[in-house]
Amino acid sequence: MVSKYMGLKPIDEWRIYELTNKPGLLFIPNPFTALGQRYWVCRCMRDFTCKPQKLNIDPHGYLKEGEKWWEICTKDPERGRTLLQKLRWATLGYHHNWDTKVYSEDAHDLFPEDLAELCELVAKAVGFHNFSAQAAIVNYYHLDSTLSGHTDHSEIDKDAPLFSFSFGQSAIFLLGGKSVEEKPIAMLICSGDIVIMSGQSRLCYHGVPRILATDKAPWNDLIIEKQNRSDVCEKVFECADSTLWKPFESYLRTSRINMNVRQVLKPGVTSLVQQSE
């Protein structure tokens, strides 16, 4: 069931590590199948860039009402070249406000069900049985992109872990401490890797100073002829189609996608209004 719906390998094949000098920082080297990586890349580019999700390009008029970012990128070469470079992030569920750093019920849409299920499954595998995915930021990096050091402290429930899923080109991930004075450690994050910030590491400074080009393309390690079709749901299996996949792969050659998912509310609370009462 894990492989069928989430594009993941069986859990007994995963390797899970914890950094001894950063308690709560968990690292799972690529537990995704090749089709699984393709599925989540397609979701991030084709689906998570559609309304009601919010994009960094929304205020700038690059898209007309009703237009979809991925459709323009693949069907209108002139506009598409610009749009591919301009997209930097999409927000899902509770939309992160980059100015106030505060979540609001006025900027809240349904969270994607499959992404919530993915996070719940991974959370339970590492011992977090009450995690509820309620907000996500999908970052779109190019080879010259960086992410400055910061902490994720907007969520009301800061005890809940933060889940980070990466696809595409590799990245250097720096994890510091509770203050900017603490020297960070560096980790190489490759396509399919999962990083979980929990416990003491949850509010540590972290950032991405560099994207690294790699020749590896694990999303192409397909063994379709040995794969039982019944073990993969139709939406995941369709990503095996080379024609469908071609434009996504072209993007990944020079880009990295990162989904980072958070729980905003404390357990048992269903809205920010209820939380404040």
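All values reported here derive from a predicted model rather than from experimental measurement.

*Asks:* How would you explain the overall build of the protein if you had to name every residue and give the values?
*Replies:* Looking only at helices and strands, the protein features 8 helices and 12 strands. The C-alpha atoms of the protein give 18 Å as radius of gyration, which agrees with the globular expectation for 277 residues (19 Å, within 12%). Taking the principal axes of its C-alpha atoms as reference, the protein extends roughly 50 × 45 × 35 Å. Within the protein, the proportion of its 277 residues that are buried is 49%. Counting only contacts in the protein whose residues sit at least 6 apart along the sequence, the fraction spanning at least 24 positions is 77%. For the protein, the separation between the mean place of its 32 positive charges and that of its 35 negative charges on side chains is 4 Å.

*Asks:* Provide a residue-level description of the pattern of salt bridges, including the pertinent values.
*Replies:* According to the stated counting rule, one finds 11 salt bridges in the structure shown. As a salt-bridge pair, Arg43 and Asp47 come within 3.1 Å of each other at their nearest N and O atoms. Placement of both Arg43 and Asp47 in helix α2 (residues 34-47) is noted, with a separation of 4 residues, approximately one turn of the helix. Accessibility expressed as a relative area gives 23% for Asp47, which makes it partly exposed. The residue Arg79 makes a salt bridge to Glu67 at a minimum N-O spacing of 2.9 Å. Taken together, the residues Arg79 in helix α4 (residues 77-86) and Glu67 in the loop between β3 (54-55) and α3 (69-75) connect sequence positions 12 residues apart.

*Asks:* Quick rundown of the sheet that holds strand β1 (residues 17-18)? Include the residues and the values.
*Replies:* Spatially, β1-β2-β10-β7-β12-β5-β4-β3 is the arrangement adopted by the 8 strands of the open sheet, whose pairing is antiparallel. Edge positions in the sheet fall to β1 and β3, since each of these pairs with one other strand and no more. Relative to strand β5 (residues 135-142), strand β4 (residues 89-93) runs antiparallel, the two being bridged by 5 bridges. Note on β5: the bridge partner recorded for Thr91 is Ile137. Along the sheet face, α2 touches β5, β7 (162-168) and β12 (255-262) and points at about 85° away from the line of β12.

*Asks:* Go over the nonpolar core, please, and point to the residues and values.
*Replies:* With 55 residues, the main nonpolar core has Trp40, Leu115, Leu118, Phe165 and Met259 as its most contacted residues. A total of 7 residues in this core trace back to one element, the largest contributor, which is α2. Sequence-distant contacts of Leu115, that is, excluding residues within four places in its chain, are made with Trp40, Phe48, Leu92, Ala136, Met259 and Val261.

*Asks:* How would you summarise the side chain of Ser166 if you had to cite specific residues and measurements?
*Replies:* Structurally, Ser166 is set in strand β7. Residue class for Ser166 comes out buried when judged on its relative accessible area of 2%. Within the structure, the side chain of Ser166 is placed 3.1 Å from the side chain of Asn258, a separation counted as a polar contact. Residues in contact with Ser166, not counting those within four places in the same chain, are Ile189, Cys190, Ser191, Gly192, Asp193, Arg256, Ile257 and Asn258.

*Asks:* For the environment of Ala240, give the residues involved together with the corresponding values.
*Replies:* Along the chain, the position of Ala240 falls in the loop between α6 (234-237) and α7 (242-252). Ala240 gets classed as partly exposed once you look at its relative accessible area, which sits at 22%. C-alpha separation for the pair Ala240 and Leu19, spaced 221 residues apart in sequence, amounts to 35 Å.

*Asks:* Explain the layout of surface pockets to me, using residue names and the numbers behind them.
*Replies:* There is about 600 Å³ of room inside the largest pocket. Residue assignment for the lining of the largest pocket shows that the elements contributing at least two residues are β5, β6 (147-150), β7, β10 (194-197), β11 (206-212) and β12. Partitioned by chemical class, the residues of the lining of the largest pocket number 12 nonpolar, 14 polar and 6 charged.

Parameters and conventions
Along each chain, residue indices are assigned from 1 in the same order as the chain's sequence is written. Where local features are concerned, this predicted model is filtered to residues with pLDDT of at least 70; where side-chain atom pairs are given and counted, the filter is 80 or more; whole-chain, interface and lining totals use all residues. Side-chain measures were taken over the full set of non-hydrogen atoms in the model, leaving aside hydrogen atoms and water. What counts as a helix is a DSSP run of H or I of at least four residues, what counts as a strand is a run of E of at least two, and both are numbered from the N terminus. The reference for a compact globule is 2.2 Å times residues^0.38; the radius of gyration itself is calculated from the C-alpha atoms. Residue burial is assigned from relative accessible area. The probe radius is 1.4 Å, only protein chains are included, and a residue is buried under 20% of its type maximum, exposed over 50%, and partly exposed in between. In what follows, residue pairs with any heavy atoms lying within 4.5 Å of each other are defined as contacts. Positive charges are assigned to Lys and Arg, negative charges to Asp and Glu, while His and the chain termini are left out of the count. Charge placement uses NZ in Lys and CZ in Arg. For Asp and Glu, CG and CD serve respectively. Salt bridge, as applied in this entry: a Lys or Arg side-chain nitrogen positioned within 4 Å of an Asp or Glu carboxyl oxygen. When DSSP finds two or more bridges between two strands, those strands count as paired. Geometry is summarised by axes, namely lines fitted to C-alpha atoms with helices restricted to the contacting stretch, and by angles between N-to-C directions that run from 0 to 180 degrees. In this description, a nonpolar core means a group of buried Ala, Val, Leu, Ile, Met, Phe, Trp, Tyr and Cys residues linked to one another through side-chain atoms lying within 4.5 Å. Polar contact criterion, stated in full: a pair of N or O atoms within 3.5 Å, where within protein one must be able to donate a hydrogen and the other to accept it, and residues adjacent in sequence count only if both atoms are side-chain atoms. We place a 1 Å grid over just the protein atoms. Points where a 1.4 Å probe fits but has no way out form a cavity, open points with protein on both sides within 12 Å along at least 5 of 7 lines form a pocket, and any residue with an atom within 4 Å of a point lines it. Grid points are joined across faces, edges and corners, and a volume is the space filled by probe spheres set on the points. Residues were grouped as follows: Ala, Val, Leu, Ile, Met, Phe, Trp, Tyr, Cys and Pro as nonpolar; Asp, Glu, Lys and Arg as charged; and all remaining residues, including Gly, as polar.

This is a description of form; function is not addressed.
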